[in-house]
Every structure is written in C-alpha cells, then in structure tokens.
Amino acid sequence: MIEWMTENAWVTWVGVAVLLAVAELLSLDLVLLMFAIGALAGAVASAVGAPFWVAMLAFGVVGVGLLFFARPPMVARLHAGPTLTTGHDALVGRTGVVLEPVGPFGGRITLASEVWSARTEGDTEVAPGAEVVVTRIDGATAVITPKES
C-alpha cells in the first residue's frame with residue numbers, strides 16, 4: 001500500500017483534498033477548504049514529477065496563503081448580511097411628483113404610488129406637477145430636492 005502511494009503520489013494528494021473538502025462540509029468554516037486546495041497544488045506538483053518535499057511545500061504555501069489572503073474576504077462577505085435595501089431606505093434616490101406645493105414646512109408628493117408628506121431643505125419652493133428626488137426620509141416625511149432636467 002505504501003509503495004503504491006509513493007508511486008502514485010498525485011492520487012494520494014487528490015484523496016487528501018477530497019477528505020479535507022468533505023470535512024469542510026461538516027465544519028463550514030472555510031479553513032479546511034483552503035488546505036484542500038493546497039492539497040490539489042501538491043497533487044499538481046506530484047503529477048509533474050516533483051519530489052515529495054516540493055509537493056509538501058506547495059501544499060503548505062498554497063494552503064496557508066489562501067488561509068490568510070483569500071479566506072478573510074470570503075468570510076466577511078458571507079457574514080455581511082443582506083445587501084438588499086428595504087423599507088424607507090429603498091425610497092432614497094427615487095423620483096416623485098409634487099401634488100401640493102412643497103416648501104420647507106411641508107407639502108405632498110406621490111412617491112412609489114403612495115401619497116407622502118414632503119418638505120424641502122432650505123427656502124426652496126416646488127410647484128405642483130414638478131418632478132423631485134428624495135434625498136432622505138425624516139420620520140414619515142420625504143425630504144426632497146427638485147429634479148434636474
């Protein structure tokens with residue numbers, strides 16, 4: 001058995017990679033996956049006829065390199081949470097139409113097929129029928145600016 005493993009070292013490395021990948025499925029921590037890819041690098045080194053120490057070096061360098069450079073951004077992306085904007089935040093940047101004159105103290109617009117109370121920042125007044133852009137939501141009031149044509 002040992003003799004076969006040394007004659008077919010690349011197959012042994014692929015077997016180690018498969019075992020590490022299966023173990024990764026149980027842990028879901030992305031550590032063993034990095035070493036499984038390192039084992040594949042060892043398999044490639046063995047397949048091209050490199051000595052065992054070169055295959056071990058490839059395994060270690062690739063595995064540790066992936067562990068320190070590829071895993072952190074992957075984990076951060078997996079744990080970042082949803083990127084879908086929902087609720088009132090989804091209305092920021094949307095275009096609405098003024099129903100009643102809007103000034104710094106109030107008015108009404110249609111926004112996303114709903115009627116919203118709105119106000120402008122500063123002393124700007126916006127006439128009915130004008131298109132506006134929502135810059136933020138303040139409570140239940142859309143803060144708007146006139147849309148540039």
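Relevant structure appears above.
First things first, this report covers the structure right here in the doc.

Cut-off values and rules
Residues numbered from 1 in each chain as written. Predicted model: local features only at pLDDT ≥ 70, side-chain atom pairs only at ≥ 80, totals over all residues. Heavy atoms only, no water. Axes fitted to C-alpha atoms, helices over the stretch in contact; angles between N-to-C directions. Helix = DSSP H or I, 4+ residues; strand = E, 2+ residues; numbered from the N terminus. Parallel < 35°, antiparallel > 145°, perpendicular 65-115°, else oblique. Left-handed = near helix turned anticlockwise from the far one by under 90°. Contact = heavy atoms within 4.5 Å. Salt bridge = Lys/Arg side-chain N within 4 Å of Asp/Glu carboxyl O. Pairing = 2+ DSSP bridges. 1 Å grid on protein atoms, 1.4 Å probe; cavity = no way out; pocket = protein on both sides within 12 Å on 5 of 7 lines; lining within 4 Å. Points joined across faces, edges and corners; volume = space filled by probe spheres on them. Nonpolar A, V, L, I, M, F, W, Y, C, P; charged D, E, K, R; others polar. Buried < 20%, exposed > 50% of the residue type's maximum accessible area, 1.4 Å probe, protein only. Phe/Tyr/Trp six-rings, centres within 6.5 Å; stacked < 30°, edge-to-face > 60°.

### Some thoughts on the packing of helix α3 (residues 31–47) against helix α4 (residues 52–69)
Between two packed helices, what matters for the description is the angle formed by their axes and the separation of those axes.
Link 1 in the chain: One way to put it is that α3 packs onto α4 with a least axis distance of 7 Å and a crossing angle of 150°. In this view, α3 runs roughly antiparallel relative to α4, as classed from their interaxial angle. Along this stretch, α3 crosses α4, giving a crossing that reads as right-handed. Contact residues: α3 offers Val31, Met34, Phe35, Ile37, Gly38, Ala39, Ala41, Gly42, Ala45 and Ser46, while α4 offers Ala55, Ala58, Phe59, Val62, Gly63, Val64, Leu66 and Leu67.

### So, the pattern of salt bridges
As a working rule, side chains carrying opposite charge can pair if their charged atoms are close by.
Link 1 in the chain: As enumerated under the stated definition, the model contains 4 salt bridges in all.
Link 2 in the chain: One salt bridge connects arginine 136 with glutamate 121, and the closest N-O pair in it is separated by 3.6 Å. With arginine 136 in strand β4 (residues 131–138) and glutamate 121 in the loop between β3 (114–120) and β4, this pair connects stretches of sequence that are 15 residues apart.

### A few points about the sheet that holds strand β2 (residues 106–111)
Link 1 in the chain: Here we have 5 strands rolled up into a closed barrel, ordered β1-β2-β3-β5-β4, and mixed in their pairing. Neighbour-to-neighbour, the strand axes of the sheet open up by a mean angle of 50°, direction not taken into account.

### Examining the layout of surface pockets
Link 1 in the chain: In this structure, the largest pocket spans a volume of roughly 180 Å³.
Link 2 in the chain: Elements that contribute at least two residues to the lining of the largest pocket include exactly α1 (2–7) and α2 (9–27).
Link 3 in the chain: Residues belonging to the lining of the largest pocket are distributed by class as follows: 8 nonpolar, 3 polar and no charged.

### Section: the pairing of β2
Link 1 in the chain: Side chains Gly107, Ile109 and Leu111 of β2 all project onto a buried face; the interleaved residues Gly106, Arg108 and Thr110 project onto a face where none is buried.
Link 2 in the chain: Sheet analysis places strand β1 (residues 95–103) next to β2, joined by 4 bridges and oriented antiparallel. Bridge assignment links valine 98 to a residue of β2, and that residue is isoleucine 109.
Link 3 in the chain: Between β1 and β2, which pair antiparallel one after the other, the connecting turn spans 2 residues.
Link 4 in the chain: With 4 bridges connecting them, β2 and β3 associate as antiparallel partners.

### Considering the packing of aromatic side chains
What describes a pair of aromatic rings is the distance from one ring centre to the other and the angle between the planes of the rings.
Link 1 in the chain: Within the structure shown, the criterion is met by 3 aromatic pairs.
Link 2 in the chain: Between tryptophan 13 and phenylalanine 52 the ring centres are 6.4 Å apart and the planes differ by 25°, which places this aromatic pair in the stacked class. In this pair, tryptophan 13 sits in helix α2 while phenylalanine 52 sits in helix α4, placing the two residues 39 residues apart along the sequence.
Link 3 in the chain: You can call tryptophan 13 buried: its relative accessible area is 8%.
Link 4 in the chain: With relative accessibility at 57%, the residue phenylalanine 52 sits in the exposed group.

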